[in-house]
Amino acid sequence: MSRALIYAANWKMHHAPGAARAFMERFLAVTAPAPGRSLWFFPPAISLGSVVAAAAGRPDISIGAQNVHWEPKGAFTGEISIPMVQEAGARVVLIGHSERRHLFGETDEQVARKSVAVLKAGLQPLACLGETLAEREGGRTEHVILRQLEPLLDKVPPADWERLVLAYEPVWAIGTGRNATPDDAAQVHELIRFTVSRRGVPGRIPILYGGSVNTGNVLALLARPELDGVLVGGASLDADGWAELVGLG
Ligand code: PGA
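Draft legend 1. A look at the overall build of the chain. Broken down by element type, the chain carries 10 helices and 8 strands. For 249 residues, the compact-globule estimate of 2.2 N^0.38 gives 18 Å, and the C-alpha radius of gyration of the chain, at 17 Å, lies within 12% of that figure. In the chain, which comprises 249 residues, the share counted as buried stands at 49%. Long-range pairs, those at least 24 residues apart, make up 71% of the contacts in the chain between residues at least 6 apart in sequence. A total of about 10900 Å² of accessible surface is found on the chain, and carbon and sulfur atoms cover 55% of it. Counting 24 positive and 26 negative side-chain charges, the chain places the centres of these two groups 3 Å from one another.

Following this line, the structure appears as structure tokens:
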């Protein structure tokens, strides 16, 4: 595939530092940088340092945090700040993943606040959007996507959108083995792009698709030019399997 693609691995709560280092050793041994292909890894925060160290010398790889607080420091027990992950070598940050939104109550407003803070620090946010099954079946997909986008459009200055990457991850497709069809994904990606450009954001924003992506469906998904890459959970946990997936397309 000739266009630039991002393959993002979201390890969630898997791979402590030792396992993360072993993963990277194997993955780096069986892959080489490929033109137009960026590889992003989101290990648990405690494994950031070991993944960053392992990936040194591979300019095609960016490491990121799965979540951050918008304040640079303070009395926020259990939280982690942007300067902290930056010092650990993070260049990208996953924001508003559906598990953060649905299991931990993160709001659209907080997602926008975090995105603004990440951009201000010079890192790149990967902000996630997506509807639940009930919302899709109730015909509310468009409404939900627009509601989730609104605070981002409101708070992120148009010029900063140049560094913002979005991921469309329908909640019903995450970890369920049921991916959105390429047509369904492409349709929502277009809705997002149309909405963002109508609000005066210049250029074309990159949008990844996430939700049960695997070696069997990635080619059909990436055949749609509306998709600029994939955000992958389960299928990114095994070094050989992930190497195989990023080698497709
Ligand atoms: P999955 O997760 O690939 O296991 O469906 C995707 C995600 O949560 O980002």
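Draft legend 2. Just the pattern of salt bridges, in detail. For the structure on display, the rule yields 17 salt bridges. With its nearest N and O atoms 2.8 Å apart, the salt bridge here joins Asp-108 to Arg-147. Linking Asp-108 in helix 5 (residues 108-120) with Arg-147 in helix 7 (residues 141-155), this pair joins segments that are 39 residues apart in sequence. In this structure, Glu-109 and Lys-155 form a salt bridge, with 2.6 Å as the shortest nitrogen-oxygen distance. Placement of Glu-109 in helix 5 and of Lys-155 in helix 7 is noted, with a sequence separation of 46 residues between them. For Glu-109, a relative accessible area of 42% gives the class partly exposed. Each of Glu-190, Arg-193, Arg-204 and Asp-228 takes part in salt bridges that share partners, so that together they form one network.

Draft legend 3. Molecular detail of the site of the ligand. Looking at the ligand, there are 13 residues lining it, with Lys-12, His-97, Glu-169, Gly-175 and Ser-212 nearest. One nitrogen or oxygen atom from the side chain of Lys-12 is found 2.7 Å from an oxygen atom belonging to the ligand. In the environment of the ligand, an oxygen atom lies 2.6 Å from a nitrogen or oxygen atom belonging to the side chain of His-97.

Draft legend 4. Molecular detail of helix 8 (residues 182-198). In this model, helix 8 (17 residues) spans 24 Å end to end at C-alpha, consistent with the 24 Å of a helix rising 1.5 Å per residue. Looking only at helix 8, the buried set comprises Ala-185, Ala-186, Val-188, His-189, Leu-191, Ile-192, Arg-193, Thr-195 and Val-196. Looking at the buried side of helix 8, the elements it contacts are strand 5 (124-129), helix 6 (133-137), helix 7, strand 6 (165-168) and strand 7 (207-210). Positive phi appears at Gly-200, one or two residues downstream of helix 8, with a value of about 90 degrees.

Draft legend 5. Structural view of the side chain of Glu-169. Summarising the element assignment, Glu-169 is placed in the loop between strand 6 and helix 8. If we ignore the near neighbours within four places in the chain, the residues touching Glu-169 are His-97, Cys-128, Leu-129, Gly-130, Ile-174, Gly-210, Gly-211 and Leu-231.

Conventions adopted
- Residues numbered from 1 in each chain as written.
- Predicted model: local features only at pLDDT ≥ 70, side-chain atom pairs only at ≥ 80, totals over all residues.
- Heavy atoms only, no water.
- Helix = DSSP H or I, 4+ residues; strand = E, 2+ residues; numbered from the N terminus.
- Rg over C-alpha atoms; globule rule 2.2 N^0.38 Å.
- Buried < 20%, exposed > 50% of the residue type's maximum accessible area, 1.4 Å probe, protein only.
- Contact = heavy atoms within 4.5 Å.
- Areas by Shrake-Rupley, 256 points an atom, 1.4 Å probe, with all protein chains shown as cover.
- Lys, Arg positive; Asp, Glu negative; His and termini not counted.
- Charge placed at Lys NZ, Arg CZ, Asp CG, Glu CD.
- Salt bridge = Lys/Arg side-chain N within 4 Å of Asp/Glu carboxyl O.
- Near = heavy atom within 4 Å.
- Polar contact = N/O pair within 3.5 Å; in protein donor to acceptor, adjacent residues only side chain to side chain.
- Expected span 1.5 Å × (residues − 1).

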